[in-house]
2 protein chains.
Amino acid sequence: MMKQTGIDVPVSQEKSFHMTPDEFRRYGHAVVDWIADYQTRVESLPVMSRVKPGDIRAMLPERPPAQGEAFEELLKDMDRVMLPGITHWQSPNWFGYFPCNASGPGILGDLLSSGLGVQGMLWSTSPACTELETHVMDWLVGMLGLPEKFRSSASGGGVIQDTASSAALCGLLAGRERATNYVTNQKGCDGRLVAYVSTQTHSSLQKAAMIAGIGVDNLRAIEVDESFAMKADVLARQIEADRNAGLTPFFVCATMGTTSSNAMDPLIPLGQLCRKNNLWLHVDAAMAGTAMLCPEFRHFQNGVEFADSYNFNPHKWMFTNFDCSCFWVADRKALIQTLSILPEYLRNQATESGAVIDYRDWHIQLGRRFRSLKLWFVIRHYGVGGLQHHVREHVRLAQEFASWVRHDARFELAAPVPLNLVCFRLKSGDTANQAIMDRLNQSGDLFLTHTKLNGRLTLRLCVGQTTTQAGHVERAWKRIQQEAEAVEE
Amino acid sequence: MMKQTGIDVPVSQEKSFHMTPDEFRRYGHAVVDWIADYQTRVESLPVMSRVKPGDIRAMLPERPPAQGEAFEELLKDMDRVMLPGITHWQSPNWFGYFPCNASGPGILGDLLSSGLGVQGMLWSTSPACTELETHVMDWLVGMLGLPEKFRSSASGGGVIQDTASSAALCGLLAGRERATNYVTNQKGCDGRLVAYVSTQTHSSLQKAAMIAGIGVDNLRAIEVDESFAMKADVLARQIEADRNAGLTPFFVCATMGTTSSNAMDPLIPLGQLCRKNNLWLHVDAAMAGTAMLCPEFRHFQNGVEFADSYNFNPHKWMFTNFDCSCFWVADRKALIQTLSILPEYLRNQATESGAVIDYRDWHIQLGRRFRSLKLWFVIRHYGVGGLQHHVREHVRLAQEFASWVRHDARFELAAPVPLNLVCFRLKSGDTANQAIMDRLNQSGDLFLTHTKLNGRLTLRLCVGQTTTQAGHVERAWKRIQQEAEAVEE
């Protein structure tokens, strides 16, 4: 392997290598045009990248350039080197995993955040960054029909985090500290704290239990019912058993819309159990939370008033490009007391006055982007009505797809379809379902992914990409039927 | 408080509210122009925002818009509502905290990442996102003169994280697991693990010890010498005392350039101690790591070959807009074994083959942006030579400023000045120094922040903003002298 430790390129002391504002204007327009063109052509590209491991690296030079290159060269390489290695999440034919939808106003709001380049770790390091975030998070409490206690004007408040994984970790930590009178931060974990999820809860909760020193052995995966929702009576018995064993139950994560099948945990009985046992209830509504924009879907979150924390990701289904994960707590003091640190170099008058929010105490990281700009832009561009419209349309398309599955005797639905995710499979077994998925994805016509439900391979079709319309879902179904025929011949 | 839970705006079923590619082109050009104008005028704006708590929120409507608004209105509000609340980190007169510098190529690389909107959690979800990241991180091993073991082609590898806080947490966790044969993930912490930092180590390590279930009581803050560097002999004695007390030492964080004063912990003796005692050595070089681009500064990292993990932030001083924090490990297997989870819905052929990197196992989060694009753009735009030029110039300006301080009898340097951060103060005491800082910051002419060293209030002047030139540093010194006269009269 070559050594590069000797790199030292002499340059003139007079020269500046920075891109000037005028150059930025010119190249910026070119990049905007590149993206607009990409938006226009993405539908025509194979959704799944066809490269093999190492193909992209093989096109990259072994050593970094000693001298700067022209911006035109960089942009050319976006087409030549990068695009072949892109799996197109923004394609209207994307039905895999979850949507990670984006939109013009979101992208441009984020661009302004990059241009301003401020750090929002403290109120004082850019007051607008903190105050817009608090304000938009309060807006969303109303928009999603969440409990009033989540508002910053009440006992709670919201913060934008990067991902649902980080948000769940913060909920778990706040629960851990509240249950131990904030002693665990000081003394460390003692191996006796127990947390509860279901067998269908997202794997990030397992990761959180590992990170937080709880340990996977102390994370109980509670059995689910036939709709893959957590069984409250089983949870109740497990909590009692753990208490009787001298352990300390402290936290439950309920999911509104599991990753695997969009199952809805029953928030009312789980919430009552948590209240009775003084456990922290975190509600993970990462994708399905967006549906709460529409009053007709809010029955899924009946019982959310019991939640100590709640999370949903506008970067999944609310047209706000990644990352933007909204996290609320009912008692902001518990969260702040869990995560607060205040070294001398961060002290300032505004913080000492207690009149402001310093978001560095609301998450794992210290530094933070001005992420509320993109969320503000999305809400203002679409209006609440525009957002509702598109969410309803996605749900309608998924429901229509489910009805087609129901009426084709070769297929079956593998789980209830509450919103925009359809879990289905060929009745003929795992091999056929794996084959159908591989053939579809390799065709490039559409992209979908799988899960296992009751031990059986199940296909997932998730409708939620920004530009997905009726025609795309219809074509997806046709292609699925074609491949089913080919596979079952 | 008003309730908004009833919001439900009827809209036509035919309408789409999305921004079309043509609209994106038009508005995108307008946003690029807005940023170019901002870059031109930022020098003329008061660096520190003058708003009071609540001022920005008072300009925002209480309720979100039911119907969408014109993009022009959004952009107008950037000037009307947002700008007054911005503290201008991108001003050439920014000398506070640390630089968080940005550049045209960085901003545009990030814009392309937003436009592509891919998720890089797995290799298979966009191979280019993973492979470019691995490649650029390998480039940087050579560019910074880091040990060859950090390369992906050796036993290690690099990953882009969001912040140094998250990176340090990952180092701490990997150390925790390695020291306990990966049992802590399973069983939880037992309250007997002990970690070591210095009294000057960044507060994020305290936060990491809290998060990871170690507990602050088990984080030893080792005494520093007169240059604020950790005393290796004191560390050695503390490790021995802890072992004798039946505790389990497992982790040391050494800092190359502390936040407070840019102190350099002695990596060679610390590294030898870690090796002897089998402790994980994490090196935090958040800001100063960028200086390693220049061979003449690399003596500060002598001993880095002992490091198990290393972190520096291109989003501080390497012209790459936030967030972009580079983290390497010498043994990637230890990191992956610490953070890996693999639920069914993330299984795929490439992962099973073992031939690829899945970066979701290299950090706290699951989802991830295509952050290597902006780093690639920055390195290619400047070239190694261009980056070296600007780093050298920043260091030269800081050293010049330090010499002015040395020659003014009213002032004194409060710490050594190894690179681009000068810690200094009026000899006349804390009140005068606080007054001088408040007057300067309120004037809007420049911005600087403080720390405490040996219990005394100390001003920090950090040179590293993208467009900071000799004239800005000269004017800063003149203004400091003026205010010193006013304060000491």
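Look a little higher up for the structure.
Residues numbered from 1 in each chain as written. Chains lettered and ligands numbered in written order. Predicted model: local features only at pLDDT ≥ 70, side-chain atom pairs only at ≥ 80, totals over all residues.

**Details of the sheet that holds strand 10 (residues 449–453) of chain A**
All names here are of chain A. An order of 8-9-11-10 is seen for the four strands of this open sheet, with the pairing classed as antiparallel. The open sheet has two edge strands, strand 8 (411–413) and strand 10, and neither has a second partner. Put simply, the sheet's adjacent strands are angled 40° from each other on average, direction ignored. Here four bridges tie strand 9 (residues 421–426) to strand 11 (residues 456–462), and the two strands are oriented antiparallel to one another. When the bridges of strand 11 are listed, V422 appears paired with L461. Sitting on the sheet, helix 14 (residues 372–406) touches strand 8, strand 9 and strand 11, and the angle it makes with strand 9 is about 20°. Relative to strand 11, helix 15 (residues 430–443) is tilted by about 35°, and along the sheet it contacts strand 9, strand 10 and strand 11. (Pairing = 2+ DSSP bridges. Helix = DSSP H or I, 4+ residues; strand = E, 2+ residues; numbered from the N terminus. Axes fitted to C-alpha atoms, helices over the stretch in contact; angles between N-to-C directions. Contact = placed C-beta atoms within 7 Å.)

**Considering the relation of the copies chain B and chain A**
Here two copies of a chain appear, and what relates them is a rotation about an axis with a shift along it. Rotating chain B by 180° about the axis while translating it 0.0 Å along that axis superimposes it on chain A, leaving an RMSD of 0.0 Å. Here the symmetry operator amounts to a two-fold rotation axis. In this assembly, 100% of the residues forming the interface of chain B have copies in chain A that are likewise at the interface, indicating an isologous arrangement. (Least-squares fit on C-alpha atoms with pLDDT ≥ 70 in both.)

**Considering the interface of chain B and chain A**
Each partner contributes to the interface: chain B provides 141 residues, whereas chain A provides 141 residues. The element contributing the most residues to the side of chain B that touches chain A is helix 1 (residues 21–41) of chain B, with 15 residues. Here the residues of the side of chain B that touches chain A are counted per class, giving 64 nonpolar, 55 polar and 22 charged. (Nonpolar A, V, L, I, M, F, W, Y, C, P; charged D, E, K, R; others polar.)

**Remarks on helix 9 (residues 232–244) of chain A**
Residue and element names in this part refer to chain A. Between its first and last C-alpha atoms helix 9 spans 18 Å; for 13 residues at 1.5 Å apiece the expected length is 18 Å, and the two agree. Considering only its buried residues, helix 9 is in contact with strand 2 (193–198), strand 3 (219–222), strand 4 (248–255) and helix 10 (267–277). Positive backbone phi, at 85°, marks G246, one or two positions downstream of helix 9. (Expected span 1.5 Å × (residues − 1).)

**Comments concerning unusual backbone geometry**
All names here are of chain A. Here the bond from F322 into D323 is cis, since omega is 0°, no more than 30 degrees from zero. On the secondary structure map, D323 appears in the loop between helix 11 (314–317) and strand 7 (325–329). A positive phi angle, close to 70°, is found at F228, a residue other than glycine. Within the secondary structure layout, F228 lies in the loop between strand 3 and helix 9.

From the geometry alone we can't say anything about function, so treat these as descriptive.
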